[in-house]
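Secondary and tertiary structure notes
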Amino acid sequence: MTDFAEQAERYRHELRVHCYRMLGSYDDAEDLVQETYLRAWRARASFEGRSTLRAWLYKIATNACLDTVRRPRVLPYQLQPPGGDQQDARHDLPWLQPFPDLLLDRAEEPDAQVIRRETIELAFLTAIQQLPPKQRAVLIFRDVLGWSAKETADVLDLSVAAANSALQRARPVLRERLPARRAEWSAEASADEQALVAKYMAAYEAGDAAGLAALMHEDVRVTMPPYPFWYSGRATAEEVFAANFEPGGQANRGAWRFVAVGVNRQPAVAAYLQAAGADAFQPFAVIVFRVEYGLVAEMTAFEGVDFTTLGLPDYLASA
């Protein structure tokens, strides 16, 4: 039994990524991986080797996800038009969550080949969340993991014809929802993207609203889950930044520091805030960037992220 546990443990990282793709939630993926191993341990005597241990664990994990999934995970722009009055945080909505690259980098073969940027970045996660759960699972097995139609059918208890039909329905939906230039992205955040992020951090810490706007596309999209409102356009972004930087202004939260991080294989920063009267900078949000033609096309600022999962401290000392 010790051998079983050791052999099963080697798949933990890729199963976490699989559950994340299925559910769009880092927190839920953590819980479902634990549930997967609990179910596998209880059923270990029934594993007779008719499939590989990896396939058996994927079947258990997928069934656990299908038992759990309810509403699809979303981002604000899927819920309402841009603009309007700022609204309170909505913790009752199923927001998409980011996934730390630090955990992706721990992956070992055979799963390292299936954590490519194009299958883990936010645009892909947002798109597949719109698929019915079984279609989502089929697409992940076929187009992400590279399993055959028969392997996919076996793990999902489908006929091969049903698995192929689900894939044919899923692919057009996915294509409709992905950014047009996605195929041109590099496998990881490029040096140019990292340089852009460095400019963003410097401009924000300097309170330079015009400098920040200059880093963005004219039709940049900015979302801030768990807040349902969002805005679009460089001019609007500059107005929001300027209000945030105004000394004594209602929107001014305090002083900021940033640390470059990797999230979903995309360039990102962790934002620390020192509010008025505070003696340290506290974790505030993780901001993930989608970059096109050397400018920011989309920013997604996730509040409530556990910075320790990014390998970051839970505060930064004041200078």
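Residues numbered from 1 in each chain as written. Predicted model: local features only at pLDDT ≥ 70, side-chain atom pairs only at ≥ 80, totals over all residues. Heavy atoms only, no water.

Points about the confidence of the model for the chain
Test applied: Along the chain, pLDDT gives the predictor's confidence residue by residue, from 0 to 100. Counting from the N terminus, the helices are DSSP H or I runs at least four residues long and the strands are E runs at least two residues long.
Overall, the prediction assigns the chain a mean pLDDT of 90, with 93% of residues at 70 or greater. Ranking the elements of the chain by mean pLDDT puts helix α1 (residues 2-9) last with 82 and helix α11 (residues 209-213) first with 97.

Some words on the packing of aromatic side chains
We apply this condition: In summary, the pairing rule links any two rings of Phe, Tyr or Trp, Trp by its six-membered ring, whose centres are within 6.5 Å, and it sorts them by plane angle into stacked for under 30 degrees, edge-to-face for over 60 and tilted for everything else. Burial classes follow relative accessibility: with a 1.4 Å probe on protein chains only, a residue under 20% of its type's maximum area counts as buried, one over 50% as exposed, and anything between as partly exposed. To sit over a ring, a charge needs its Lys NZ or Arg CZ within 6 Å of the ring centre and within 35 degrees of the ring normal.
For the structure on display, the rule yields 21 aromatic pairs. With a centroid separation of 6.1 Å and an interplanar angle of 80 degrees, the aromatic rings of Tyr200 and Phe258 are classed as edge-to-face. Highlighted residues: Tyr200 in helix α10 (residues 191-205) and Phe258 in strand β3 (residues 254-263), separated in sequence by 58 residues. We note that Tyr200, like Phe258, is buried. Centroid distance Tyr204 to Phe245: 4.9 Å. Interplanar angle 85 degrees. Geometry classified as edge-to-face. Residue Tyr204 is found in helix α10, and its partner Phe245 is found in helix α12 (residues 234-245); the two are separated by 41 residues along the sequence. Taken together, the ring pairs connect Tyr200, Tyr204, Phe241, Phe245, Trp256, Phe258, Phe284 and Phe289 into an aromatic cluster. Across the ring face of Tyr37, the terminal group of Arg12 is positioned such that the distance to the ring centre comes to 4.3 Å. Of note, Arg221 hangs over the ring of Tyr77, and the distance from its end group to the ring centre comes to 3.5 Å.

Here we look at helix α9 (residues 160-177)
Three or four residues apart is the spacing at which side chains of an α-helix point the same way, because the helix has 3.6 residues per turn. Rules: The span expected for a helix works out to 1.5 Å for each residue beyond the first. Two residues qualify as a contact provided that any one of their heavy atoms is within 4.5 Å of a heavy atom in the partner residue.
Helix length check: α9, at 18 residues, gives a terminal C-alpha distance of 26 Å against a target of 26 Å (1.5 Å per residue), a fit within 8%. What α9 keeps buried is the set Ala163, Ala166, Leu167, Ala170 and Leu174. Along its buried surface, α9 packs onto α6 (122-128), α7 (133-144) and α8 (149-156).

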